[in-house]
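# Coordinates in review
So the chains spell out like this:
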Amino acid sequence: MPGYTDVIGEDLGIISHTPSVDFANFKAVITVEIHGGFIQTKFKKMDADGVNIYRRRKGAVDWLFLARATQIPFEQTFVLDVPGQPEIWQYRSYGVLLDNEVGYPSDIIEVVYAQ
């Protein structure tokens with residue numbers, strides 16, 4: 001069939017994809033950067049479907065789920081609690097495969113956000 005590829009076959013479920021990554025030991029990798037009023041998170045999907053991104057204020061215990069990111073980069077904007085007062089945020093992520101978090105969390109990345 002003209003134009004047919006293995007990727008199309010995988011998308012249609014005709015051929016199965018065998019991941020080359022050990023998801024039991026998968027560790028997500030992210031970078032976080034500030035760009036003119038928003039925070040940009042980049043990640044390496046490898047064979048995962050995407051990543052779940054979490055953040056918390058520095059010193060907090062609980063992580064807040066932000067989003068499941070499947071497109072790179074993931075961009076986030078938010079309003080400071082006190083205008084003009086920078087906030088320190090920590091980010092981490094988990095790889096996601098078939099709607100389940102897999103492996104270990106990424107390293108914690110810390111950023112100072114000010115609008």
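First, a word on scope: everything that follows refers to the structure included in this document. (Residues numbered from 1 in each chain as written. Predicted model: local features only at pLDDT ≥ 70, side-chain atom pairs only at ≥ 80, totals over all residues. Heavy atoms only, no water.)

## Digging into the pairing of strand 4 (residues 64-69)
Put simply, the rule is: A strand pair is defined by DSSP finding two or more bridges across the two strands. A run of DSSP states H or I qualifies as a helix once it reaches four residues; a run of E qualifies as a strand once it reaches two. Both are numbered from the N-terminal end.
Inspection of the sheet shows strand 3 (residues 50-57) paired to strand 4 by five bridges, in the antiparallel sense. Within strand 4, the position partnered with Ile-53 by the bridge is Ala-67. Two successive antiparallel strands, strand 3 and strand 4, enclose a turn made up of six residues, where Gly-59 displays a positive phi of approximately 95°.

## A few points about the side chain of Asn-52
Heads up, the rule is: Only protein chains enter the area calculation, which uses a 1.4 Å probe; residues under 20% of their type maximum are buried, those over 50% are exposed, and those in between are partly exposed. Here a polar contact means two N or O atoms within 3.5 Å. Within protein one must be a hydrogen donor candidate and the other an acceptor candidate, and residues neighboring in sequence count only if both atoms are side-chain atoms. Residues count as neighbours in contact if any of their non-hydrogen atoms are within 4.5 Å of one another.
On the secondary structure map, Asn-52 appears in strand 3. Using a relative accessible area of 4% as the deciding quantity, one classes Asn-52 as buried. One polar contact links Asn-52 to Arg-68, side chain to side chain, over a distance of 2.9 Å. If near-sequence neighbours (up to four positions away) are discounted, Asn-52 is found in contact with Phe-65, Ala-67, Arg-68, Arg-92, Ser-93, Tyr-94, Val-96 and Glu-101.

## Considerations on the environment of Ala-60
For Ala-60, the location among the structural elements is in the loop between strand 3 and strand 4. Residue class for Ala-60 comes out partly exposed when judged on its relative accessible area of 32%. Considered as a pair, Ala-60 and Gln-90 are 30 residues apart in the sequence and their alpha carbons are 9.4 Å apart.

## Some details on unusual backbone geometry
Between Ile-72 and Pro-73 the backbone carries a cis peptide bond, its omega angle lying at 0°. Here the phi dihedral of Leu-98 falls at roughly 50°; this positive angle occurs in a residue that is not glycine. Mapping Leu-98 onto the fold places it in the loop between strand 6 (87-97) and strand 7 (100-102). The backbone phi angle of Asp-99 is positive, close to 70°, even though this residue is not glycine. Mapped onto the elements of the fold, Asp-99 is located in the loop between strand 6 and strand 7.

## Details of the pattern of salt bridges
We count it as follows: What counts as a salt bridge is simple: a side-chain nitrogen of Lys or Arg found within 4 Å of a carboxyl oxygen of Asp or Glu.
In total, this model carries five salt bridges according to the counting rule given. The closest approach of N and O atoms between Lys-27 and Asp-107, which form a salt bridge, is 2.6 Å. Linking Lys-27 in the loop between helix 1 (6-12) and strand 1 (30-35) with Asp-107 in the loop between strand 7 and strand 8 (109-113), this pair joins segments that are 80 residues apart in sequence. The exposure class assigned to Lys-27 is partly exposed, which follows from its relative accessible area of 40%. With a closest N to O distance of 2.9 Å, Arg-68 and Asp-99 form a salt bridge. Of the two residues, Arg-68 sits in strand 4 while Asp-99 sits in the loop between strand 6 and strand 7, which places them 31 residues apart along the sequence. By relative accessible area, Arg-68 is classed as partly exposed at 36%. Look at Asp-99 and you get exposed, because its relative accessible area is 60%.

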